[in-house]
Amino acid sequence: MIKNKIKFFIILVLVYSTNLNAQSFGFGCLGLSGFIGGYSQMNYKVDNLNNLINSQYTGLDSKITFKTGTGFKIGGNIFRARFESFFFSTKIYYQFFKEQKEISNLTGTSLTSEKFELTMNNWNVAVDLGVPIFKFLDLKVVEGGFSFYSPNFNHQTIINNEVISETDYENSENNLSYFVGSGFILHIIPDYISLEGGAYYSFYKINNFSSDQNLLYPNNENPVIEKGSIITSIQLNVGFPL
(Lines give C-alpha, C1' and ligand atoms only; values in the text may rest on other atoms or scores of the structure.)
Protein backbone atom coordinates (compact mmCIF):
# COMPACT_ATOMS: atom_id res chain seq x y z
CA MET A 1 0.00 0.00 0.00
CA ILE A 2 2.77 2.40 0.95
CA LYS A 3 4.77 1.54 -2.18
CA ASN A 4 1.72 2.27 -4.36
CA LYS A 5 1.29 5.67 -2.69
CA ILE A 6 4.95 6.52 -3.29
CA LYS A 7 4.67 5.54 -6.97
CA PHE A 8 1.52 7.63 -7.34
CA PHE A 9 3.25 10.62 -5.73
CA ILE A 10 6.25 10.36 -8.06
CA ILE A 11 4.04 10.11 -11.16
CA LEU A 12 1.91 13.05 -9.98
CA VAL A 13 4.95 15.27 -9.45
CA LEU A 14 6.42 14.40 -12.86
CA VAL A 15 3.14 15.10 -14.65
CA TYR A 16 2.62 18.33 -12.73
CA SER A 17 6.11 19.56 -13.54
CA THR A 18 5.63 19.18 -17.29
CA ASN A 19 2.59 21.47 -17.19
CA LEU A 20 4.38 24.38 -15.57
CA ASN A 21 6.37 26.40 -18.08
CA ALA A 22 7.58 28.75 -15.40
CA GLN A 23 8.98 25.95 -13.27
CA SER A 24 12.54 24.66 -13.48
CA PHE A 25 14.01 22.06 -11.12
CA GLY A 26 17.55 22.39 -9.76
CA PHE A 27 19.91 19.82 -8.30
CA GLY A 28 18.44 17.19 -6.06
CA CYS A 29 14.96 17.97 -7.30
CA LEU A 30 13.33 14.62 -6.71
CA GLY A 31 14.37 11.47 -4.88
CA LEU A 32 17.81 10.82 -3.42
CA SER A 33 19.51 12.70 -6.21
CA GLY A 34 21.45 15.25 -4.18
CA PHE A 35 24.25 14.61 -1.69
CA ILE A 36 25.51 16.80 1.16
CA GLY A 37 28.97 16.91 2.70
CA GLY A 38 30.30 19.68 4.90
CA TYR A 39 31.74 21.09 8.11
CA SER A 40 29.88 22.50 11.12
CA GLN A 41 30.58 24.35 14.34
CA MET A 42 28.37 24.42 17.45
CA ASN A 43 28.68 27.13 20.12
CA TYR A 44 26.90 26.13 23.32
CA LYS A 45 26.44 27.24 26.92
CA VAL A 46 27.55 24.53 29.37
CA ASP A 47 28.42 26.53 32.49
CA ASN A 48 27.06 23.89 34.87
CA LEU A 49 29.26 21.19 33.33
CA ASN A 50 32.34 23.45 33.35
CA ASN A 51 31.76 24.44 36.99
CA LEU A 52 31.32 20.81 38.02
CA ILE A 53 34.65 19.78 36.48
CA ASN A 54 36.60 22.78 37.73
CA SER A 55 35.27 22.38 41.28
CA GLN A 56 37.11 19.04 41.47
CA TYR A 57 40.46 20.53 40.44
CA THR A 58 40.60 23.79 42.38
CA GLY A 59 44.33 23.44 43.07
CA LEU A 60 45.29 23.78 39.42
CA ASP A 61 45.79 27.02 37.54
CA SER A 62 44.19 25.82 34.32
CA LYS A 63 40.41 25.71 33.89
CA ILE A 64 38.15 23.58 31.74
CA THR A 65 35.86 25.57 29.45
CA PHE A 66 33.69 23.65 27.04
CA LYS A 67 32.09 26.08 24.61
CA THR A 68 32.63 25.06 20.94
CA GLY A 69 32.25 21.70 19.23
CA THR A 70 33.29 21.01 15.64
CA GLY A 71 32.57 18.19 13.24
CA PHE A 72 31.20 17.08 9.89
CA LYS A 73 27.82 16.51 8.29
CA ILE A 74 26.70 14.14 5.55
CA GLY A 75 23.30 13.49 4.04
CA GLY A 76 21.06 14.11 1.07
CA ASN A 77 18.62 16.54 -0.49
CA ILE A 78 15.40 14.57 -0.79
CA PHE A 79 13.41 17.13 -2.74
CA ARG A 80 14.25 20.50 -4.23
CA ALA A 81 11.84 22.45 -6.44
CA ARG A 82 12.86 25.72 -8.07
CA PHE A 83 10.42 28.27 -9.48
CA GLU A 84 10.91 31.73 -10.99
CA SER A 85 10.50 33.64 -7.74
CA PHE A 86 11.27 31.09 -5.00
CA PHE A 87 12.50 27.60 -4.20
CA PHE A 88 11.94 25.09 -1.43
CA SER A 89 13.62 21.86 -0.43
CA THR A 90 13.74 19.12 2.18
CA LYS A 91 16.85 17.30 3.41
CA ILE A 92 18.02 14.66 5.85
CA TYR A 93 21.56 14.60 7.23
CA TYR A 94 23.75 13.23 10.00
CA GLN A 95 25.87 15.69 11.95
CA PHE A 96 28.35 15.21 14.79
CA PHE A 97 30.31 17.56 17.04
CA LYS A 98 33.24 16.93 19.35
CA GLU A 99 35.26 19.00 21.82
CA GLN A 100 38.17 17.76 23.94
CA LYS A 101 39.78 19.32 27.03
CA GLU A 102 42.67 18.28 29.27
CA ILE A 103 44.13 19.19 32.67
CA SER A 104 47.67 18.02 33.54
CA ASN A 105 49.55 18.07 36.83
CA LEU A 106 53.15 17.01 37.55
CA THR A 107 53.65 15.49 41.01
CA GLY A 108 57.18 14.29 41.66
CA THR A 109 58.01 12.05 38.71
CA SER A 110 54.38 11.29 37.80
CA LEU A 111 52.47 13.21 35.17
CA THR A 112 48.73 12.97 35.70
CA SER A 113 46.33 14.06 32.98
CA GLU A 114 42.55 14.32 33.16
CA LYS A 115 41.02 14.20 29.68
CA PHE A 116 37.42 15.13 28.97
CA GLU A 117 35.47 14.77 25.73
CA LEU A 118 31.98 16.10 24.95
CA THR A 119 30.28 14.79 21.81
CA MET A 120 26.92 15.45 20.19
CA ASN A 121 25.55 13.24 17.41
CA ASN A 122 22.47 14.48 15.53
CA TRP A 123 20.04 13.17 12.95
CA ASN A 124 18.33 16.14 11.29
CA VAL A 125 15.27 16.65 9.10
CA ALA A 126 15.06 20.14 7.60
CA VAL A 127 12.97 22.25 5.23
CA ASP A 128 14.10 25.52 3.67
CA LEU A 129 12.43 28.27 1.67
CA GLY A 130 14.38 30.84 -0.32
CA VAL A 131 14.52 33.29 -3.19
CA PRO A 132 17.01 33.74 -6.06
CA ILE A 133 19.13 36.90 -5.79
CA PHE A 134 21.27 36.41 -8.88
CA LYS A 135 21.57 33.59 -11.36
CA PHE A 136 24.42 32.12 -9.33
CA LEU A 137 23.23 33.06 -5.81
CA ASP A 138 20.17 32.12 -3.76
CA LEU A 139 19.14 33.40 -0.34
CA LYS A 140 17.69 30.88 2.10
CA VAL A 141 15.13 33.10 3.82
CA VAL A 142 14.36 30.51 6.45
CA GLU A 143 15.43 26.95 7.23
CA GLY A 144 14.00 24.95 10.08
CA GLY A 145 13.71 21.40 11.25
CA PHE A 146 14.03 18.79 13.97
CA SER A 147 17.07 17.06 15.49
CA PHE A 148 17.31 13.73 17.25
CA TYR A 149 20.54 14.00 19.23
CA SER A 150 22.66 11.64 21.33
CA PRO A 151 25.03 13.46 23.73
CA ASN A 152 27.99 11.73 25.35
CA PHE A 153 30.60 12.72 27.93
CA ASN A 154 33.86 10.81 28.46
CA HIS A 155 36.44 11.16 31.26
CA GLN A 156 39.88 9.53 31.30
CA THR A 157 42.56 9.60 33.98
CA ILE A 158 46.03 9.07 32.53
CA ILE A 159 49.23 8.65 34.56
CA ASN A 160 52.56 8.59 32.71
CA ASN A 161 50.79 7.97 29.38
CA GLU A 162 48.82 4.99 30.76
CA VAL A 163 45.02 5.10 31.03
CA ILE A 164 44.23 4.29 34.66
CA SER A 165 40.46 4.79 34.53
CA GLU A 166 37.81 5.71 32.00
CA THR A 167 34.15 6.56 32.48
CA ASP A 168 31.68 6.99 29.65
CA TYR A 169 28.55 8.99 30.51
CA GLU A 170 25.44 8.90 28.34
CA ASN A 171 22.02 10.49 28.29
CA SER A 172 19.23 7.90 28.07
CA GLU A 173 16.41 10.36 27.33
CA ASN A 174 14.73 10.62 23.94
CA ASN A 175 16.28 13.92 22.99
CA LEU A 176 14.33 15.89 20.41
CA SER A 177 15.09 19.51 19.57
CA TYR A 178 14.27 21.96 16.82
CA PHE A 179 16.26 24.64 15.03
CA VAL A 180 15.69 27.65 12.79
CA GLY A 181 18.01 29.85 10.74
CA SER A 182 18.91 31.16 7.29
CA GLY A 183 21.75 31.11 4.79
CA PHE A 184 22.80 31.18 1.15
CA ILE A 185 23.44 28.88 -1.82
CA LEU A 186 26.22 29.68 -4.29
CA HIS A 187 25.83 27.79 -7.59
CA ILE A 188 29.28 26.78 -8.83
CA ILE A 189 27.99 24.58 -11.65
CA PRO A 190 24.23 25.18 -11.91
CA ASP A 191 22.12 22.09 -11.29
CA TYR A 192 25.17 20.00 -10.35
CA ILE A 193 27.51 21.58 -7.77
CA SER A 194 26.77 24.31 -5.24
CA LEU A 195 28.21 25.69 -2.01
CA GLU A 196 25.74 26.20 0.83
CA GLY A 197 26.23 28.04 4.10
CA GLY A 198 23.98 28.77 7.05
CA ALA A 199 23.62 29.85 10.65
CA TYR A 200 21.01 28.36 12.98
CA TYR A 201 19.83 28.45 16.56
CA SER A 202 19.08 25.06 18.10
CA PHE A 203 16.69 24.83 21.05
CA TYR A 204 17.58 21.99 23.42
CA LYS A 205 18.77 21.09 26.92
CA ILE A 206 20.33 18.05 28.61
CA ASN A 207 19.27 17.40 32.18
CA ASN A 208 22.03 14.99 33.09
CA PHE A 209 24.55 12.33 32.10
CA SER A 210 24.71 8.95 33.79
CA SER A 211 26.97 5.90 33.93
CA ASP A 212 25.92 2.65 35.65
CA GLN A 213 23.07 4.54 37.33
CA ASN A 214 25.46 7.18 38.70
CA LEU A 215 24.65 10.76 37.85
CA LEU A 216 27.39 13.06 36.63
CA TYR A 217 25.60 16.17 37.83
CA PRO A 218 23.17 15.33 40.68
CA ASN A 219 21.22 18.58 40.60
CA ASN A 220 17.62 18.40 39.41
CA GLU A 221 17.08 22.16 39.51
CA ASN A 222 19.54 23.08 36.76
CA PRO A 223 20.27 21.04 33.61
CA VAL A 224 23.88 20.12 32.90
CA ILE A 225 23.59 21.75 29.45
CA GLU A 226 21.07 24.50 28.81
CA LYS A 227 19.91 27.37 26.62
CA GLY A 228 20.57 25.75 23.25
CA SER A 229 23.35 26.60 20.83
CA ILE A 230 24.31 28.49 17.69
CA ILE A 231 25.32 26.29 14.77
CA THR A 232 27.17 27.47 11.66
CA SER A 233 27.92 25.23 8.72
CA ILE A 234 29.34 25.20 5.21
CA GLN A 235 28.64 22.33 2.84
CA LEU A 236 29.10 21.16 -0.71
CA ASN A 237 26.04 19.90 -2.61
CA VAL A 238 26.45 17.49 -5.51
CA GLY A 239 23.30 16.86 -7.50
CA PHE A 240 21.94 14.71 -10.29
CA PRO A 241 18.87 16.41 -11.84
CA LEU A 242 16.04 14.18 -13.06
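Everything below is about the structure printed above this text.
What counts as what
- Residues numbered from 1 in each chain as written.
- Predicted model: local features only at pLDDT ≥ 70, side-chain atom pairs only at ≥ 80, totals over all residues.
- Heavy atoms only, no water.
- Helix = DSSP H or I, 4+ residues; strand = E, 2+ residues; numbered from the N terminus.
- Polar contact = N/O pair within 3.5 Å; in protein donor to acceptor, adjacent residues only side chain to side chain.
- Contact = heavy atoms within 4.5 Å.
- Pairing = 2+ DSSP bridges.
- 1 Å grid on protein atoms, 1.4 Å probe; cavity = no way out; pocket = protein on both sides within 12 Å on 5 of 7 lines; lining within 4 Å.
- Points joined across faces, edges and corners; volume = space filled by probe spheres on them.
- Nonpolar A, V, L, I, M, F, W, Y, C, P; charged D, E, K, R; others polar.

A. Spotlight on the side chain of Asp138. Inspection of the secondary structure assignment puts Asp138 in strand β5 (residues 137-159). A polar contact of 2.7 Å, which involves the side chain of Asp138, links it to the side chain of His187. Contacts of Asp138, omitting those with residues within four sequence positions, involve Arg82, Phe87, Val131, Pro132, Ile133, Phe184, Ile185 and His187.

B. Main features of the pairing of β5. Of the strand pairs in this sheet, strand β4 (residues 110-134) and β5 are connected by 22 bridges, and their pairing is antiparallel. Within β5, the position partnered with Pro132 by the bridge is Asp138. In this structure, the hairpin formed by β4 and β5 is closed by a connection of 2 residues. Both β5 and strand β6 (residues 162-170) contribute to a ladder of 8 bridges, which runs antiparallel. Considered in β6, the bridge of Asn154 is made with Asp168. If you look at the hairpin formed by β5 and β6, you'll find 2 residues sitting between the two strands, and Asn160 has a positive phi there, around 50°.

C. Representation of empty space enclosed by the protein in the model. Taken as a whole, this structure holds 3 cavities of 30 Å³ or more when the rule is applied. Each pocket or cavity is described by its volume, and for the largest cavity that value is around 110 Å³. Around the largest cavity, the lining comprises 16 residues; the ones closest to its centre are Gln95, Asn122, Asn124, Ser147 and Ile231. Those elements that provide at least two residues to the lining of the largest cavity are β3 (87-107), β4, β5, β7 (176-189), β8 (193-203) and β11 (226-239). Counting residues per element, the lining of the largest cavity draws most heavily on β4, which supplies 3 residues. Residues that form the lining of the largest cavity fall into these classes: 8 nonpolar, 7 polar and 1 charged. Contributing to the lining of the second largest cavity are Tyr44, Val46, Gly69, Phe97, Lys98, Glu99, Leu118, Thr119, Met120, Tyr204 and Ile225. Elements with a contribution of two residues or more to the lining of the second largest cavity: β3 and β4.

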